[in-house]
Amino acid sequence: MEAPLAERIRPQKLTEYISQLHLVGEQGSLTNQINKGIIPSLILWGPPGTGKTTLAQIMAQESKRPFYQLSAIHSGVKDIREVIEKAKQSGGLFTAKNPILFIDEIHRFSKSQQDSLLAAVEKGWVTLIGATTENPSFEVIPALLSRCQVYILNAFTKEDLQALLKRAIRTDSILKTKNIQLIETEALLRLSGGDGRKLLNIFELVINATDDEIIKITNEKVTHLVQKNTALYDKTGEQHYDIVSAFIKSIRGSDPNGAVYWLARMIEGGEDVKFIARRMLILASEDIGNANPTALIMANNTFQAVTTIGYPESRIILSQCAIYLASSAKSNASYMAINKAQQVVKQTGDLSVPIHLRNAPTKLMKELGYGEDYKYSHDFPNNFAEQEFLPSALSETKFFEPGENAREKELRMFLKNRWKDKYNY
């Protein structure tokens, strides 16, 4: 059976690898290590279809090491131990050429599965390369994470994706026999969602569905063929990010019905319970915030509960939380406040901390007046004393703008009573 296009044109050498110049460009943080063959155990963290598996294979090939691959979806502790035993036999202990063990979707491994890797990594039987689309700080156990370097792969840019298409036309043994004209690429890029593998799958679908002597790729043709053949290119669950986006937007839009529908789609698709719960945890702060502070507590409790329980019962807890969040008052005021504050910090740099706010742990600092004019709030009526808490260059700058909901209207009145006209609350 003929291999898919994405597999046929998979880069075999570093010079063929597209994108991730911060890792594998001339000055890339991995380039020198790959060239010298001195590769540490590491985690590759990035969106789907950005070349994590390919990069791991190239590392093994260029450093001339045995390469073993496991998928966290299909492998258990028994499989891990078998591969480690093979690796021990194929590579010398404590040598620079110990085998590479690549684990795809390592975030799906349980704690016990990850524990089973520790000795092999620590004793140098294998060099572990894990690939994940999830933040390894949450998904990889601390003991394993401390033994690995984490490298972040960026989403493909428009230029990267177009380069991928052009290389496929130029180098693939099948495509280069056809007369293909890339007239428009916007629909291809949009439908790919930045996933290189998905882009090539869609592209191949369009090529194979066209019998014309000259195959003209247009937005209209791509959209028509893809809508007609959705199952052909989306059968491996590549709508992952589209569906979670619809889920979050339904909650943000206060529609519990839409939220539960998209939740059901994720559950039926076998989505990780922690992935769903984590998205709700972020939303509880970003989109609800102080309009209903209990939302964050609810979402956090949901995350803890589903982490303990798992499927199938977790579906009930996820549903309860999604409905609660969708039915809650909304505010992005806290989210906007930190965005504004970070932007100001980037623009103004390291402004000095006002003298009266500085810590004074030494006698010299006290003599220099550190903390001298600070007013301890609890010594004043209503536990409040008007004073300046920002660097002088930013005096009266307002970052937090309360939303138009009952709770934040109370916050606005509280702040106005304290600060009068200073921040124009």
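Please read these numbers as outputs of a predicted model, since none were measured by experiment.

**With respect to the overall build of the protein**
- When its secondary structure is counted, the protein shows 21 helices and 7 strands.
- Each principal axis of the C-alpha distribution contributes one length, and for the protein these read about 80 × 55 × 45 Å.
- Among the 425 residues that make up the protein, the fraction classed as buried is 44%.
- Once local pairs closer than 6 in sequence are excluded, the contacts in the protein between residues at least 24 apart make up 72%.
- Here the protein displays about 23,000 Å² of accessible surface, and carbon together with sulfur accounts for 53% of that area.
- Here the protein contributes 51 positive and 48 negative side-chain charges, whose respective centroids are spaced 3 Å apart.

**So, the packing of helix H15 (residues 256–268) against helix H18 (residues 314–326)**
- Relative orientation of the contacting elements H15 and H18 amounts to 150°, with a least axis distance of 9 Å. Judged by the inter-axis angle, H15 sits roughly antiparallel to H18. Both H15 and H18 take part in a crossing whose hand is right-handed. Note on element contacts: H18 touches H15 through Arg315, Leu318, Ser319, Ala322, Ile323 and Ala326, opposite Pro256, Ala259, Val260, Leu263 and Ile267.

**A look at the pairing of strand E2 (residues 67–71)**
- Side chains Tyr68 and Leu70 of E2 all project onto a buried face; the interleaved residues Phe67, Gln69 and Ser71 project onto a face where none is buried.
- For E2 and strand E3 (residues 100–104), the ladder comprises 5 bridges, and the chain directions are parallel. By the bridge assignment for E3, Leu70 is matched with Ile103.

**Some remarks on the sheet that holds E3**
- Strands sit in the order E2-E3-E4-E1-E5 across an open sheet of 5 strands; the sheet is parallel. Whereas interior strands pair on both sides, the edge strands pair on one side only; in this sheet they are E2 and strand E5 (149–152). For this sheet, the mean angle separating the axes of adjacent strands, direction not counted, is 20°.
- As paired strands, strand E1 (residues 42–45) and E5 are joined by 4 bridges and run parallel to one another. Among the inter-strand pairings, Leu42 is bridged to a residue of E5, identified as Gln149.
- Packed on one face of the sheet, helix H4 (residues 52–62) meets E1, E2, E3 and strand E4 (127–132) and runs near 175° to E3.

**Examining the pattern of salt bridges**
- Counted by the stated rule, this structure contains 17 salt bridges.
- The partner of Arg279 in a salt bridge is Glu134, with the nearest N and O atoms 4.0 Å apart. Taken together, the positions of Arg279 in helix H16 (residues 273–288) and Glu134 in the loop between E4 and helix H7 (136–139) put the pair 145 residues apart, joining distant regions of the chain.
- The partly exposed category is assigned to Arg279, whose relative accessible area is 22%.
- The closest approach of N and O atoms between Lys274 and Glu139, which form a salt bridge, is 3.4 Å. Taken as a pair, Lys274 in helix H16 and Glu139 in helix H7 lie far apart in primary sequence, 135 residues in all.
- For Glu139, a relative accessible area of 4% translates into the label buried.
- One connected set of salt bridges, linked through shared partners, spans Glu134, Glu139, Lys274, Arg278 and Arg279.

**Quick word on the packing of aromatic side chains**
- Going through the model one piece at a time under the given rule, you end up with 6 aromatic pairs.
- Note on Phe384 and Trp419: the rings are 5.0 Å apart at their centroids and 90° apart in plane angle, and the pair reads as edge-to-face. With Phe384 in the loop between helix H20 (363–367) and helix H21 (406–419) and Trp419 in helix H21, this residue pair connects regions lying 35 residues apart in the sequence.
- Its relative accessible area of 21% is what places Phe384 among the partly exposed residues.
- Centre to centre, the rings of Trp419 and Tyr423 are 5.4 Å apart; their planes meet at 75°, and the pair counts as edge-to-face.
- Residue classification places Trp419 among the buried positions, given a relative accessible area of 11%.
- Clustering of aromatic rings is evident, with ring pairs tying together Phe384, Phe389, Trp419, Tyr423 and Tyr425.

**Things to note about a nonpolar patch on the surface**
- Together, Tyr374, Tyr376 and Phe389 line one region of the surface with nonpolar side chains, adding up to about 310 Å² of accessible area.
- For Tyr374, the location among the structural elements is in the loop between H20 and H21.

**Quick look at the environment of Glu372**
- Along the chain, Glu372 turns up in the loop between H20 and H21.
- A relative accessible area of 60% means that Glu372 is categorised as exposed.

Parameters and conventions
Residues numbered from 1 in each chain as written. Predicted model: local features only at pLDDT ≥ 70, side-chain atom pairs only at ≥ 80, totals over all residues. Heavy atoms only, no water. Helix = DSSP H or I, 4+ residues; strand = E, 2+ residues; numbered from the N terminus. Buried < 20%, exposed > 50% of the residue type's maximum accessible area, 1.4 Å probe, protein only. Contact = heavy atoms within 4.5 Å. Areas by Shrake-Rupley, 256 points an atom, 1.4 Å probe, with all protein chains shown as cover. Lys, Arg positive; Asp, Glu negative; His and termini not counted. Charge placed at Lys NZ, Arg CZ, Asp CG, Glu CD. Axes fitted to C-alpha atoms, helices over the stretch in contact; angles between N-to-C directions. Parallel < 35°, antiparallel > 145°, perpendicular 65-115°, else oblique. Left-handed = near helix turned anticlockwise from the far one by under 90°. Pairing = 2+ DSSP bridges. Salt bridge = Lys/Arg side-chain N within 4 Å of Asp/Glu carboxyl O. Phe/Tyr/Trp six-rings, centres within 6.5 Å; stacked < 30°, edge-to-face > 60°. Patch = residues over 30% accessible without salt bridge, like charges linked within 9 Å, V, L, I, M, F, W, Y side chains within 5 Å.

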